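# Report on the structure
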Amino acid sequence: MNDHAGNASPENARPANERAANTPGTPPITLIRGGRLVDPAAGIDEKRDLLLRDGRVAEVAPRIHLSPADAAHTQILDATGLVVAPGLIDIHVHLREPGQTHKETIATGTAAAAAGGFTAVAAMPNTVPTNDTPEITRWMQSPDRNPSARVFPIAAATRALRGEQINDFAALKAAGAVAVTDDGHPILRDNIMREVLAAATRHGLPVIQHAEDTRLTEGASMNAGPVAFRLGLRGMPPEAEYGLVERDIRLVAELARDSKSARPHLHVAHTSTAQAVAAVHQARRNGLHVTCEVAPHHFLLTEHHVGCYNTHAKMNPPLRSEADRDAMIQGILDGVVDAIATDHAPHAAHEKEVEFERAPNGITGLETALGLSLHWLHGEWRLPLSRVLSLLSAQPAALLGFKGRGTLSVGSFADVIVFDPDAEWTWLAAHSRSRSRNSPFDGWTMRGRIRHTLSEGRLVHSA
Amino acid sequence: MTTLRQSIQSSRTRPDALPASVPFASTGHPGSLLGISDLSLDQITGTLTRASLLESEDPLARAHRLAKRRIALLFYESSTRTRTSFELAAKSLGCDTTLVSSLSSSIEKGETLKDTGLTLRALGAEAIILRHPNSGAPWLLEQSTGLPVLNAGDGMHEHPSQALLDLRTILACLGLGAETAIAANTLAGVTVTITGDILHSRVARSNMLLLPRLGARVQLCGPPALLPDLAAQAGPGITIERDFDHALAQSHIVMMLRIQAERLAGLQLDLDEYRQRYQLTVERLAAHPSVAHVLHPGPIIRGLELTAEVADGPQSRILDQVRNGVAIRMALVERALTATRSGATQ
Ligand SMILES: [Zn+2]
């Protein structure tokens, strides 16, 4: 069921990955016919045909008739019984290129993205070398990387992620950076974080913080608490996360107060504690521009999943308590959480096959986010389909200012997914398109099967 | 509006994918002993019985039991007592033993635990006895090699053979012979106080998980820096008593632990204050006559957690523990090399 070969009929599908999203050329006209079109941004959830032309959405209508001239070179995708939705957007992935191509490359990472329904991903800067220059930012976006989804680089906030010297945000933005962050290396010094927020605000860039007071987490490899004690592992206390979130919010408030024109945008990456979500909620009530994302593993798994030292349950921030996990779900249901982001963090098998404390942090997530979200958020917790899709497309697009994405309104990029909303299937990590297999969800039941992914009009995945 | 908790509880399929807890026990090789919870009470009875039988057997006959079987001792941390104890136990049964220590060249050169384990297996090792500074390392070794693994201490996690030898010592202290089949009430009414550096102690963890299963009350005693409150949540039957004298007043057996300077990770302790509050002295023992037996897993630091007089005194069972260690480990080595999958569930 998780075969690699596409089973779309030859006349209406190209092989997956034959052409990359960012390569020039004339995309075909595509007509997606008879599907249930769910476009949360446009408030549409109805049966609609969708016509894609020149990489853009050309028409959305109950019934689209092709002119005889177009009909000859139009690929038609029958979406009867399927959902047609905006391509998903993941604002937190680690593509590992440049530098760590044994874990992932931009080509393999975006192939996994396409298989999971993602047509745009925001790539974290902890590459080797660090993405702290316009050159690397541009290099990552080059068609030569052979991507199957659009890559939006997030640049390092400080030189080499050291938290000392602030990078040239103007140049990075001009090169295509959509935000700045020192993900994985939280900016602890108040004055540096204040400067980063001020400079990013001047250039209209969000600041993404991996909130972890590393002074409280030295030598720790999982959540602090009874399970860590039981397993003899040093723990990361929740206050290491929410303490820094609260500090950052204070800095944002100070900046907003001192300068009427400045409206800094702080985005809290991968929130995992109840208090961090509460702090974001309160900041927003106070009128501040503070957003947050939650990863599927943080709304599904708890520290108990570490079990017998399963390194596929090791990530940073760590899996937390049941109360925290429930708070992530509640935050999603309540609308406090702005986006679901995977924190896709591939690692080679041999890197994870070591002692728990020595294993690197992170799991893959691009191919499981939709299936888990549909199974649990929609299937179990009754979050409406359009809201699930919004958290995976419209909202992250708005969060990072991706124009013309996360919606299927006419003129938007032809980033589209077609999926079977009720199909249940089993995720097998061994079949992943990613170069790595480090998924804690291996063998889990997924709901919603991607049939087609189109990136800017090109069919990049079919199954 | 229904709350999330209600909606989670009412959902149909929560248990399969979102379990409240994941079992900590090994599901690997039936001869392994990775954590004390791997063993049922019946299996513990069996181990204690075998320990007594092997201990009393004629050494020449015993040496035929596992003649020329190959056991590897893989020690990433230095150890005198445990290593020697396992080695003597294995040799008493006739095994050939090989010691690979952290000073061995392959480990020094950065070979992974998996590769070292596979190498030992290829060299003919039939079981591996592992001591390792990282918690959970025995699971990795068992998974990588498929061999029975005996955990001889992993990080701050567990030291199950120590808990078994402590149990044998305690049972003897209480006059319960080796023939006793242990049960959930064998130690009912007995209070064991473990005092000292609980946070970093694998001995404490294995004992606090084992003794309550036999009905004992385990009291933990120490300063918050070495004994976090949440230690009481490690399992049933565990309580915390910060005041050592209060703890002693309720105890029958006290187990003293050394401060593990190597794991303190920057933690500063006032040792004079520590001695004053937690050192076991003859005066304290005299003031609390209910405490009949003093245990210590070693190595002891005379003059810190206990005085020399106590270590050498009439209540001290420290050397009995060492003797019991060899017997218990003979039973564990034998089990490692003879257990079968069908026998694992008995
Ligand atoms: Zn991060």
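Residues numbered from 1 in each chain as written. Chains lettered and ligands numbered in written order. Predicted model: local features only at pLDDT ≥ 70, side-chain atom pairs only at ≥ 80, totals over all residues. Heavy atoms only, no water.

A few words on the environment of Val-128 of chain A. Residues and elements named next belong to chain A. As for its position among the elements, Val-128 is in the loop between strand S7 (118-123) and helix H3 (134-141). For Val-128 and Arg-449, which are 321 residues apart along the polypeptide, the C-alpha to C-alpha distance reads 34 Å. Beyond its immediate stretch of four places on either side in the chain, Val-128 contacts Pro-98, Gly-99 and Gln-100. (Helix = DSSP H or I, 4+ residues; strand = E, 2+ residues; numbered from the N terminus. Contact = heavy atoms within 4.5 Å.)

This part is about the coordination of the zinc ion. All names here are of chain A. Note on the zinc ion: its protein donors are Asp-183 (OD), His-210 (ND1) and His-270 (NE2). The metal-donor distances range over 2.0 to 2.4 Å. Spacing between the donor residues of the zinc ion along their common chain follows D-x26-H-x59-H. Residue His-210 is found in the loop between strand S11 (207-209) and strand S12 (222-223), and its partner His-270 is found in the loop between strand S14 (265-268) and helix H8 (274-285); the two are separated by 60 residues along the sequence. For the pair His-210 and His-270, one class covers both residues: buried. (Donors = N, O, S within 2.8 Å, 3.2 Å for Na, K, Ca; no water. Buried < 20%, exposed > 50% of the residue type's maximum accessible area, 1.4 Å probe, protein only.)

What follows covers the nonpolar core. One recurring pattern in soluble globular proteins: nonpolar side chains tend to sit buried together. Counting residues in each nonpolar core, the largest one holds 113 residues, and the members touching the most others are Phe-419 of chain A together with Leu-74 of chain B. The element that contributes the greatest number of residues to this core is helix H7 (residues 238-258) of chain A, accounting for 7 residues. Residues within four places of Phe-419 of chain A in sequence aside, it is in contact with Leu-82, Val-83, Ala-85, Leu-370, Leu-374, Leu-385, Leu-389, Gly-448, Arg-449, Ile-450 and Arg-451 of chain A. Leu-33, Leu-48, Leu-54 and Met-330 of chain B belong to the second-largest nonpolar core, a separate cluster that totals 60 residues. (Core = buried A, V, L, I, M, F, W, Y, C linked by side-chain atoms within 4.5 Å.)

All names here are of chain B. Its domain assignment divides chain B into domain 1 (27-158 + 324-338) and domain 2 (160-322). The distance between the C-alpha centroids of domain 1 and domain 2 comes to 25 Å. There are 2 salt bridges connecting domain 1 and domain 2. Arg-202 is paired through a salt bridge with Glu-77; the nearest N and O atoms lie 2.9 Å apart. If you look at where domain 1 meets domain 2, you find 16 residue pairs in polar contact (both at pLDDT 80 or more). Put simply, the parts of the chain that give the side of domain 1 that touches domain 2 at least two residues each are helix H3 (41-56), helix H5 (81-92), strand S3 (127-132), strand S4 (149-154) and helix H15 (318-338). Of the residues forming the side of domain 1 that touches domain 2, the biggest block, 9 residues, is contributed by H3. Here the side of domain 1 that touches domain 2 is composed, by residue class, of 15 nonpolar, 14 polar and 7 charged. (Domains from an automatic or database assignment. Salt bridge = Lys/Arg side-chain N within 4 Å of Asp/Glu carboxyl O. Polar contact = N/O pair within 3.5 Å; in protein donor to acceptor, adjacent residues only side chain to side chain. Nonpolar A, V, L, I, M, F, W, Y, C, P; charged D, E, K, R; others polar.)

Right, let's talk about the pairing of strand S2 (residues 96-101) of chain B for a bit. Sheet topology places strand S1 (residues 70-75) of chain B next to S2 of chain B; 6 bridges connect them, and they run parallel. Within the sheet, the bridge partner assigned to Arg-70 of chain B lies in S2 of chain B and is Asp-96 of chain B. (Pairing = 2+ DSSP bridges.)

On to helix H7 (residues 113-122) of chain B. Residue and element names in this part refer to chain B. Regarding H7, the residues found buried are Leu-113, Thr-116, Gly-117 and Leu-120. The buried side chains of H7 occupy one side of the element, clustering within an arc of 100° when seen end-on. Here the buried face of H7 lies against S1, S2, S3 and helix H8 (137-145). In the segment just after H7, Gly-124 is the residue with positive phi, at about 110°. (Arc of directions from axis to C-beta.)

Glancing now at the packing of aromatic side chains. Tallied over the entire structure, the rule returns 7 aromatic pairs over all chains. Between the aromatic rings of Trp-376 of chain A and Trp-381 of chain A, the centroid separation amounts to 5.7 Å while the plane-to-plane angle is 35°, which identifies the pairing as tilted. For the pair shown, Trp-376 of chain A and Trp-381 of chain A are each scored as buried. Measuring from centroid to centroid gives 5.0 Å for Phe-441 of chain A and Trp-444 of chain A, while their planes differ by 80°, and the two rings are edge-to-face. Each member of the pair, Phe-441 of chain A as well as Trp-444 of chain A, is classed as buried. Linked through ring pairs, Tyr-309 and Phe-356 of chain A together with Trp-139 of chain B together constitute an aromatic cluster. Across the ring face of Phe-356 of chain A, the terminal group of Lys-314 of chain A is positioned such that the distance to the ring centre comes to 5.6 Å. Here the guanidinium or amino end of Arg-329 of chain B rests over the ring plane of Phe-86 of chain B, the centre of that ring lying 4.9 Å away. (Phe/Tyr/Trp six-rings, centres within 6.5 Å; stacked < 30°, edge-to-face > 60°. Lys NZ or Arg CZ within 6 Å of the ring centre and 35° of its normal.)

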